[in-house]
Amino acid sequence: MKIITFEGIEGVGKSTQINLLKDYIESRGLSASIFREPGSTVIGENIRSILLDSKENLSKESELLLMFAARAQLISEKVKISNTDFILFDRFYDASVAYQGFGRGLSVDFINNLISFINCPQPDLTFLLDISVENGFKRKIDDVKDRIESSGDEFFENVRQGYLEIAKSQPERIKVIDAMGSIEDINKEIIKEVSKLL
Ligand code: TMP
């Protein structure tokens, strides 16, 4: 089983690309499941509502621990027993380093300890779809912002820079793709990398 994760700030087009990649994998006679984080289990989706819809003032520490509670549930309930050839994640633990570490300013060392504590498997490949904060939010102009999306431009600049730093430190695993390209071009770039895993 191979794990591929998709990362990036809001509006980069992750969901479109994940679905196109799933179609490609299946066209090669292989199977793939898609998980989104936080979520993809009953408990995880309940936690997601608290994280995204809560009107309460959720502390940044609670936010981090809830992300990991949802992730721990997903790993133990679904990832560990998955028998598909590929698991495609719409965000995984790099998101916690970028959003809660670089964005909220929580300790990256502590986050790395949580990653080990819940036995997160290491992805075989990660695509970081990169876009400026301005262009990302332009694409979501008609959407109502959820709790995290309402965190402001400075927060998202830090998240974006955080992602780029994580990518720089692990260039073998993390491929940075310019998310301003066309859907077709980005899909081609992704398939080129994924073909190496087939
Ligand atoms: P999305 O599924 O629409 O991308 O929403 C998930 C939101 O949660 C998004 O704003 C990113 C955020 N998030 C974190 O802050 N930390 C995490 O670890 C994960 C997985 C997501």
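Now for a description of the structure that goes with this document. Just so we're clear, the structure is a prediction, and the values are computed from it rather than from any experiment.

Below, the discussion takes up the overall build of the protein. Secondary structure summary: the protein contains eight helices and five strands in total. Ordered by position from N to C terminus, the α and β elements of the protein give β-α-β-α-α-β-α-α-β-α-α-β-α. In terms of overall size, the protein behaves like a compact globule, its C-alpha atoms giving a radius of gyration of 16 Å where 198 residues would be expected to give roughly 16 Å. Over its C-alpha atoms, taken along the principal directions, the protein stretches across nearly 45 × 35 × 30 Å. Across the 198 residues that make up the protein, the buried fraction comes to 50%.

This part covers the site of the ligand. Near the ligand, the surroundings consist of 14 residues, among which E10, R71, R91, S96 and Q100 are the closest. In the environment of the ligand, an oxygen atom lies 3.0 Å from a nitrogen or oxygen atom belonging to the side chain of R71. The contact in question runs from an oxygen atom of the ligand to an N or O atom on the side chain of R91, over 2.8 Å. Every element with two or more residues in the shell around the ligand is listed here: α2 (42–53), α3 (60–79) and α4 (93–103). When residues of the shell around the ligand are assigned to their parent elements, the largest contribution, four residues, is made by α4. Here the shell around the ligand is built from residues that sort into six nonpolar, two polar and six charged.

To continue, consider the packing of aromatic side chains. For the structure on display, the rule yields nine aromatic pairs. Here Y99 and Y163 contribute two aromatic rings whose centre-to-centre distance is 6.2 Å and whose plane-to-plane angle is 80°, an arrangement assigned as edge-to-face. Of this pair, Y99 sits in helix α4 while Y163 sits in helix α7 (residues 153–169), and the two are 64 residues apart along the sequence. Across the pair, exposure class does not vary: Y99 and Y163 are buried alike. Summarising the aromatic geometry, the rings of F137 and F156 are spaced 5.0 Å apart at their centres and angled 75° between planes, so their arrangement reads as edge-to-face. Residue F137 is located in helix α6 (residues 133–138), and its partner F156 is located in helix α7; the two are separated by 19 residues in the primary sequence. Judged by its relative accessible area of 15%, F137 falls in the buried class. Through a chain of ring-to-ring contacts, the aromatic side chains of Y99, F137, F155, F156 and Y163 assemble into a single cluster. Stacked on the ring of F155, the Lys or Arg R104 has its end atom at 4.3 Å from the ring centre. Over the aromatic face of F137 sits the side chain of K145, whose NZ or CZ is 4.9 Å from the ring centroid.

Here the focus is α2. Counted at 1.5 Å a residue, the expected span for α2 with its twelve residues is 16 Å, and the 16 Å between its end C-alpha atoms agrees. For α2, every residue scored as buried is listed here: G44, I47, R48, L51 and L52. Projected down its long axis, α2 carries its buried residues within an arc of 120°, all on one side. Looking at the buried positions of α2, the neighbouring elements they touch are β2 (32–36) and α3.

The next subject is the pattern of salt bridges. Taken as a whole and judged by the stated rule, the model has twelve salt bridges. Between K14 and D90 there is a salt bridge, with the nearest N and O atoms lying 2.9 Å from each other. Of this pair, K14 sits in helix α1 (residues 14–27) while D90 sits in strand β3 (residues 86–90), and the two are 76 residues apart along the sequence. Residue classification places K14 among the buried positions, given a relative accessible area of 10%. Between R71 and E37 there is a salt bridge, with its nearest N and O atoms 2.8 Å apart. Linking R71 in helix α3 with E37 in the loop between β2 and α2, this pair joins segments that are 34 residues apart in sequence. On the basis of relative accessibility, which here comes to 6%, the residue E37 falls in the buried class. Overlapping salt bridges bring together E63, R104 and R147 as one network.

Each value, and the rule that gives it
Residues numbered from 1 in each chain as written. Predicted model: local features only at pLDDT ≥ 70, side-chain atom pairs only at ≥ 80, totals over all residues. Heavy atoms only, no water. Helix = DSSP H or I, 4+ residues; strand = E, 2+ residues; numbered from the N terminus. Rg over C-alpha atoms; globule rule 2.2 N^0.38 Å. Buried < 20%, exposed > 50% of the residue type's maximum accessible area, 1.4 Å probe, protein only. Near = heavy atom within 4 Å. Polar contact = N/O pair within 3.5 Å; in protein donor to acceptor, adjacent residues only side chain to side chain. Nonpolar A, V, L, I, M, F, W, Y, C, P; charged D, E, K, R; others polar. Phe/Tyr/Trp six-rings, centres within 6.5 Å; stacked < 30°, edge-to-face > 60°. Lys NZ or Arg CZ within 6 Å of the ring centre and 35° of its normal. Expected span 1.5 Å × (residues − 1). Arc of directions from axis to C-beta. Contact = heavy atoms within 4.5 Å. Salt bridge = Lys/Arg side-chain N within 4 Å of Asp/Glu carboxyl O.

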